[in-house]
Structures are given as C-alpha cells and as structure tokens.
Amino acid sequence: MSRGVGQPTVVPGCVAYAYQDEPIPEVMVLQYSIAIGRASYDIDPAVDVQELMTEIESAVQAGGRFVRVPLTSDRAVNVLVSPGLLISVESFAHRALEIVPSLEAEPLSGLDEYDEFDEF
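What counts, and where the lines are drawn
- Residues numbered from 1 in each chain as written.
- Predicted model: local features only at pLDDT ≥ 70, side-chain atom pairs only at ≥ 80, totals over all residues.
- Heavy atoms only, no water.
- Helix = DSSP H or I, 4+ residues; strand = E, 2+ residues; numbered from the N terminus.
- Buried < 20%, exposed > 50% of the residue type's maximum accessible area, 1.4 Å probe, protein only.
- Contact = heavy atoms within 4.5 Å.
- Areas by Shrake-Rupley, 256 points an atom, 1.4 Å probe, with all protein chains shown as cover.
- Expected span 1.5 Å × (residues − 1).
- Arc of directions from axis to C-beta.
- Polar contact = N/O pair within 3.5 Å; in protein donor to acceptor, adjacent residues only side chain to side chain.
- pLDDT = per-residue confidence, 0-100.

**Some thoughts on the overall build of the chain**
Logical step 1: Helix and strand counts for the chain stand at 1 helix and 6 strands.
Logical step 2: For the chain, the succession of helices and strands along the chain, N to C, is β-β-β-α-β-β-β.
Logical step 3: Within the chain, the fraction of its 120 residues that count as buried is 22%.
Logical step 4: Taking the contacts inside the chain whose residues are at least 6 apart along the sequence as the reference set, 48% of them involve residues at least 24 apart.
Logical step 5: Put simply, the chain shows about 9200 Å² of open surface, and 54% of that area lies on carbon and sulfur atoms.

Below, the structure written as structure tokens:
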C-alpha cells in the first residue's frame, strides 16, 4: 500500500461519548518507524516510505552508501547502509488527537462581590 507525501492513511472508527447523541468519528493515522540495527526511530509522517525503502535497497545493491532518514522536520539520521545491516520498517495505526468539546461553566454567583482581603 502506498501513500502520497504528507498524506496519512486514515482508518475510520467511531467513539461514542456519554453526553452526546451522535458518536464522534475516530481517526486512526498510519505511522511508520524504522529500526536500524538495535535503534528504532519514528519516521516523519511527510516522508514517502516506499521511496525511502527503494533508496535503502539501491544502497545495499551498490555495496553501501549513506542514506538520509528524516525523523522530524528538523532532525534526520544519515545511515551507512550496507549489505548485512539489519533495517526494518514497521507501520502501526494510532489515534489522532481527539477533539473534546469545551465545557462552558456559568460564573458562580456572589463570589465576584467577595473581597478576600477585607478580613485581614
């Protein structure tokens, strides 16, 4: 399965909240991580993972070279990819940030007239 750059794969679900009549749709986002040797890193969601795996394969076929793996928008790892180096790419779905409706509380009556320093 391929995805475009910056386009997360969305797996729809549903979460029902007790105080609502209609359930709110839940969005699951497909995230990728890469294990290089014993270290594991989350890959930037904007990265085209298929293109990264193709670049890793071509580095192995060439006998080895550095491959840049973007981890976040401002952090990357340059890996000397060569035959024999264990690299695996894992995909997993996780919940996107849930948007919880804000609760509006009514002001408490009588407290705004209270002066806490009168008694001191």
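Past the structure itself, the notes keep going.
**Quick look at the side chain of serine 33**
Logical step 1: Among the secondary structure elements, serine 33 is positioned in strand β2 (residues 24-36).
Logical step 2: Assessed through its relative accessible area of 5%, serine 33 is described here as buried.
Logical step 3: Those residues within four positions of serine 33 in sequence are excluded, and the remaining contacts are Ser40, Tyr41, Asp42, Ile43, Ser88, Val89, Glu90 and Phe92.

**Details of the environment of asparagine 78**
Logical step 1: Looking at where asparagine 78 falls in the secondary structure, it is placed in strand β5 (residues 75-81).
Logical step 2: In this structure the C-alpha to C-alpha distance between asparagine 78 and phenylalanine 66, which are 12 residues apart in sequence, comes to 6.0 Å.

**With respect to helix α1 (residues 49-61)**
Logical step 1: Between its first and last C-alpha, α1 extends 18 Å over 13 residues, near the 18 Å set by a 1.5 Å rise per residue.
Logical step 2: Looking at α1, one finds that the buried residues are Val49, Leu52, Ile56 and Ala59. Taken down its axis, α1 places every buried residue within 80 degrees of arc, on the same side. Turned more than 90 degrees away from the buried face of α1, the exposed residues are Glu51, Glu57 and Gln61.
Logical step 3: Its side-chain oxygen at 3.3 Å from the backbone nitrogen of glutamine 50, aspartate 48 defines the N-terminal cap of α1.
Logical step 4: Phi turns positive, to about 95 degrees, at glycine 63, one or two residues after α1.

**Observations concerning the confidence of the model for the chain**
Low-confidence regions, as indicated by low pLDDT, have predicted coordinates that should not be scrutinised in detail.
Logical step 1: Looking at the chain, the pLDDT average stands at 75 and 54% of residues meet or exceed 70.
Logical step 2: Within the chain, strand β1 (residues 10-15) has the poorest average pLDDT of any element, 47, and α1 the best, 95.
Logical step 3: Counting contacts from residues 1-18, a segment whose pLDDT is below 50, to residues more than four positions away or on other chains yields 37 contacts.

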